[in-house]
Amino acid sequence: MTRATVVRAVLAVAVLLVSVYISLTMSPRLGLDLQGGTRIVLQARDTATVEADRETTDRTLEVLRQRIDSLGVSEPTLTRSGEDRIIVELPDVQDPRQAAEVIGRTAQLTFHAVEGPAAEEPEEKPSGSDPTADPSPTADPGSTTDPDGLTLSDEQGRALALGPARLSGAGVEDATAGFDAQGGAGWSVSLEFRKDAGQDWKRLTGEAACHPAGDDRRRVAIVLDEKVISSPQVDPSVGCKVGLPSGATQITGSFSADEARDLALLIKGGALPVPVEIVEQRTVGPTLGAAAIDASARAALIGAAATALFITIVYRLFGALAAVALGAYGVISYAALVALGVTLTLPGLAGFVLAIGMAVDANVLVFERAREECAERPKRTLRSALTTGFTKAWSAVADSNATTLIAAGLLFFLGSGPVKGFGVTLAIGVIASMFSALVIARALTEIAASTRFVSDYRNVNGIGRPGAVRTWLVRKDPQLFRKPVRWLVVSVALVAVAVAGIVVRGVDLGVEMLVEYSTSRPVDVETARDTLAAAGFGDAEVTTAGDGDLSVRTGKLDNDGEHALRTALAEEGGETTKVRDELIGPSLGDELRRNALIALGVAVAVQLAYLAVRFRWTFAVASIGGMVHDVILVVGAFAWLGRPVDGIFLAALLTVIGYSVNDSVVVFDRVRELWGANRRTPLDTIARRAVLQTVPRTVNTGMGALFILAALAVLGGDSLADFALALLIGIIVGTWSSVFTAVPGAILLERNAKTPPPTPGKRKGKSSSGGRQAASRRDPLDNGARV
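The structure displayed is predicted, hence computed values, not measured ones.

Caption draft 1: Just the overall build of the protein chain, in detail. Helix and strand counts for the protein chain come out as 23 helices and 18 strands. Buried positions account for 51% of the 787 residues belonging to the protein chain. Within the protein chain, residue pairs in contact and separated by at least 24 positions form 79% of the contacts whose partners lie at least 6 positions apart.

Set out below in C-alpha cells:
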C-alpha cells in the first residue's frame, strides 16, 4: 500500500466520522410538505396614490421574498391569491410572531431636517387605525421630497417639528447591523448610500451643521413608518454647509441585536410598494400525508438498491466498492445539507437520492478507462491499470464537474427563492461526489487491487475484461456520422414538435385553488386524503386549518369540480360547508421566472466560455446547443401532457441541464484526446470512435439514474410523479443529444472552422523532448530501473 493510498484512506475515514457525527447530533430542517409550518395571509391596501392591483401586489410579493430570504427561512412559498392577497407559507419558523411582524412592516424609511420643538404634541394613532392610510410621508416610495412637514416624538418622547423628507430608503445601497464594543454605543445599523443619495445626505447634514451644538435644529431625524427611530446631532466637527462627506451613516437607538438585524434587513430589502395587513395567521400541518412520504421513501430506497446492484453486476468487486463509496457520498451530502441548514422537502430528498445514482458517473469513467488499459496491455498489473484509469479520467471528471459548479454558483448568486436553494444543493452534491469517487472509491479499489487474489482473478475485480456492450460495438463498428445532417434533422423535428406543444397547448404555470371546508364530524387528514384520491383528486394537498377545518389545495376547479370535491369530503365528515375559496397564482411568479432565466442565461454564457477555452469553440457551441435542445423537449413534453410547470419542475429541469452538459463534455473529452493523437484522421471517424468508446459509460451512468427514477415514478405516488417524469424525459433526451445532436453539430461546425486539430501532448504534464515523452508514457508504478 502506497503512502498516497494511506493518506486517502485516513482522509476518507476522518470526513466520514465528522459526517456521521453531524447526522446523528443535528436535526434537519423540514419543509412544509414534510413537517408543516406557518401560513400568513396578507391583504394589500390602496394608498392615496398607489392602487393595490395585480402588478403592485406582484412587486410587493418579491420584496417580501427578499425579506424572508434575509430572515434565513429556506424554501418558503409565496403566491398571489386573487388580485390583492399574498399567501406566505414558512416552514420550520422558530418565532412565527416575529416573522409576521417583520414581513408585515411597510418599511418606509425617510430622512428629515429637524425644524425645532413642536408647538403641540403629536396625536397617537389608535391601534385600530385605518390600515389603508398611506404609512409614509412620501407619496411615492422612491420620492425624496414631501410637501408637508411632520410632528413626531423623538426617542425620549419629545415632540419635534420635522421638515419635508429629503431622502428615502430607495437611496440606501446597503444596510448592516453591527455592535460597537469599544465606543459603548451598542448595536447600530450602518447605512451605505448610493452616489446621488450620498450627496443629498451631505447637503442635509451640512445644513443642520449651521446651527449651534445642542440646538434641536442641528439634529437629523431618521423616520421608519412614521416613527422616529433615531435623531442624532451632527458632530460639532462638521462645518456649516460642509456636511458628512463619507456618504454613510449609522443609526443608533438603544437597539437589541434582533432589532438591529431586523431593521437592517427591512431597509436593505426595500419598502413595500403598498402597505399590507395580516388578515390571517395560522399553523398548518404537512401538505403530504404519512403514506405518501413512506411510499416515496420506500421507492427511493428500492431505486438506490437497484442502482447499487446494477453497478455491482457490471463491475463486480470494484462495482461493490463503488456502491460503498456511494453510500458514503450519501452520508457526507446529507451531513453538509444539515450543517448548512438547508430545508429538506420531499422533491429535494428525491433529488438527493437521484444524485447518489448520478454520482456513480465518475466511478464508471474510471473503471471504463481501466478496462481499456487492461485490454490494450493484458500483462500489466491491475494496480497499474487502475492508476492509469484514474489519471486519464481526470480531465473528463474535472471539466464536467467544473461546468456544473459554475452553473451552481451563478444560480446561487443571481437566482432567488428555490433557484438559489437548488444552487446550494447542486454545489454540495458535486463536491461530495468528487470526494466520493476520487478519494473514498480510489482508496478502497487501490487497497483491493493490492491483494493477490483480486489481482490474479480478473473476472472477480470487474475491470480485467472489456465489457460486453463495448465488445459488441467494436465488432459491429457502425458508421454513425457518415451523414451527420440526418441526425440534426431528427433533432430539429423533435424540437419543432415540442415548440408546437408549447404554442398550441400552452404552458401550465400551476395556478391552483385553495378551498377551506368545515365538517360536522371530525375528519382525519389521512382519511380526507384517501377519500379525495379515490374521488379522482389524487394531486390534492390536504392540511389542517383552524379549529378542525380542512384546507384543500388542488388545480383549478369549476363549479362541478368543487361540488364533487365537497361531496367526497361529506362521505366522511357529514355536512360539509365551504368556508372560503381562493384562486392562487403560480408558485413560479413573473419575477422568480425572470430571475431564473437571467441566472440560466449567464450560466450558459460562462459555461460556453469555459468549454471554448478548455476544448474548442465548435465543441462549446455544440454542447450548449444540445442542452438547449433538451430543455425545449422537456418543456414541450410537459406542455403536450398538460402537466404543471412549477417549482418542482424547475428543480428537475435544472438537473437535466447539468446532466446534458456533463454527457457532452465526456464525449468531447474523448474526441479531443483521439483527434490530438491522430491529427490526419477525419473528424467524423474520430467522433465515431469516441462515441463508441464512451457508450458504456453513458449507458451505465444513465441506467444508474433510471433505476431510481423508475422506482420514484411507479412507487413514489402522485407527490413525485411530475418530478420523476421530467427527469426521465430529460435523461433520455440528454443521452440522445450528447451523441446525436452535439457531435453532429460539432462536425458540421468544424467543416467551416479554420482552427487546426488539437496538438498531441499538449496536456499538462507532457513535454516535447523524447526522454520526457517516454517518461510520461511510463507505467505509473515503474521507477525506470532495468536489469
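Caption draft 2: Quick look at the pattern of salt bridges. Scanning all chains against the criterion turns up 23 salt bridges. Measuring nitrogen to oxygen at the nearest pair gives 2.3 Å for the salt bridge that ties E673 to R369. Of this pair, E673 sits in helix α19 (residues 647-677) while R369 sits in helix α8 (residues 360-376), and the two are 304 residues apart along the sequence. The class of E673 is partly exposed, set by a relative accessible area of 23%.

Caption draft 3: Up close: the state of the cysteines. All told, the structure shown has one disulfide when counted by the stated rule. Between the sulfur atoms of C210 and its disulfide partner C240 the distance amounts to 1.8 Å. Its S-S torsion of about 80 degrees marks the bond between C210 and C240 as right-handed, since a negative value means left-handed. On the criterion of sequence distance, the pair formed by C210 in the loop between α4 (195-208) and β10 (220-224) and C240 in the loop between β11 (228-230) and β12 (248-255) is long-range, its members being 30 residues apart. We classify C210 as partly exposed; its relative accessible area is 34%. We classify C240 as partly exposed; its relative accessible area is 42%.

Caption draft 4: Spotlight on the sheet that holds β11. In space, the five strands of this open sheet follow the order β6-β7-β5-β10-β11, with antiparallel pairing throughout. For this open sheet the edge positions go to β6 (150-153) and β11, each flanked by a neighbour on one side alone. Sheet twist, expressed as the average angle between the axes of neighbouring strands with direction ignored, equals 50 degrees. One ladder, built from two bridges, connects β10 with β11; its direction is antiparallel. By the bridge assignment, I222 is partnered in β11 with S230. On the sheet, α4 packs against β5 (109-117), β7 (159-168) and β10 and is oriented at approximately 150 degrees with respect to β7.

Caption draft 5: Up close: the nonpolar core. In this structure, F318, F367, I440 and I463 are the most contacted members of the largest nonpolar core, which totals 42 residues. Secondary structure elements with two or more residues in this core: α6 (290-339), α8, α9 (382-414) and α10 (418-449). Apart from the residues within four sequence positions on either side, I440 is in contact with A12, A325, A328, I332 and F435. Core analysis: the second largest hydrophobic core is formed by 37 residues, L600, F615, L650 and L674 among them.

Caption draft 6: Molecular detail of the side chain of R219. Within the secondary structure, R219 sits in the loop between α4 and β10. R219 sits in the buried class, given a relative accessible area of 7%. Separated by 3.1 Å, the side chains of R219 and D154 make a polar contact. Among all residues touching R219, those that are not within four sequence positions of it are A113, V114, D154, E155, Q156, R158, L160, A208, S231, P232 and Q233.

Caption draft 7: Expanded view of unusual backbone geometry. Phi at K241 takes a positive value of approximately 65 degrees, unusual for a residue other than glycine. Relative to the assigned elements, K241 resides in the loop between β11 and β12. K241 gets classed as exposed once you look at its relative accessible area, which sits at 62%. Positive phi, normally seen in glycine, also occurs at R316, with a value near 50 degrees. Along the chain, R316 turns up in helix α6. A relative accessible area of 40% places R316 in the partly exposed class.

Conventions and cut-offs
- Residues numbered from 1 in each chain as written.
- Predicted model: local features only at pLDDT ≥ 70, side-chain atom pairs only at ≥ 80, totals over all residues.
- Heavy atoms only, no water.
- Helix = DSSP H or I, 4+ residues; strand = E, 2+ residues; numbered from the N terminus.
- Buried < 20%, exposed > 50% of the residue type's maximum accessible area, 1.4 Å probe, protein only.
- Contact = heavy atoms within 4.5 Å.
- Salt bridge = Lys/Arg side-chain N within 4 Å of Asp/Glu carboxyl O.
- Disulfide = S-S within 2.5 Å.
- Pairing = 2+ DSSP bridges.
- Axes fitted to C-alpha atoms, helices over the stretch in contact; angles between N-to-C directions.
- Core = buried A, V, L, I, M, F, W, Y, C linked by side-chain atoms within 4.5 Å.
- Polar contact = N/O pair within 3.5 Å; in protein donor to acceptor, adjacent residues only side chain to side chain.

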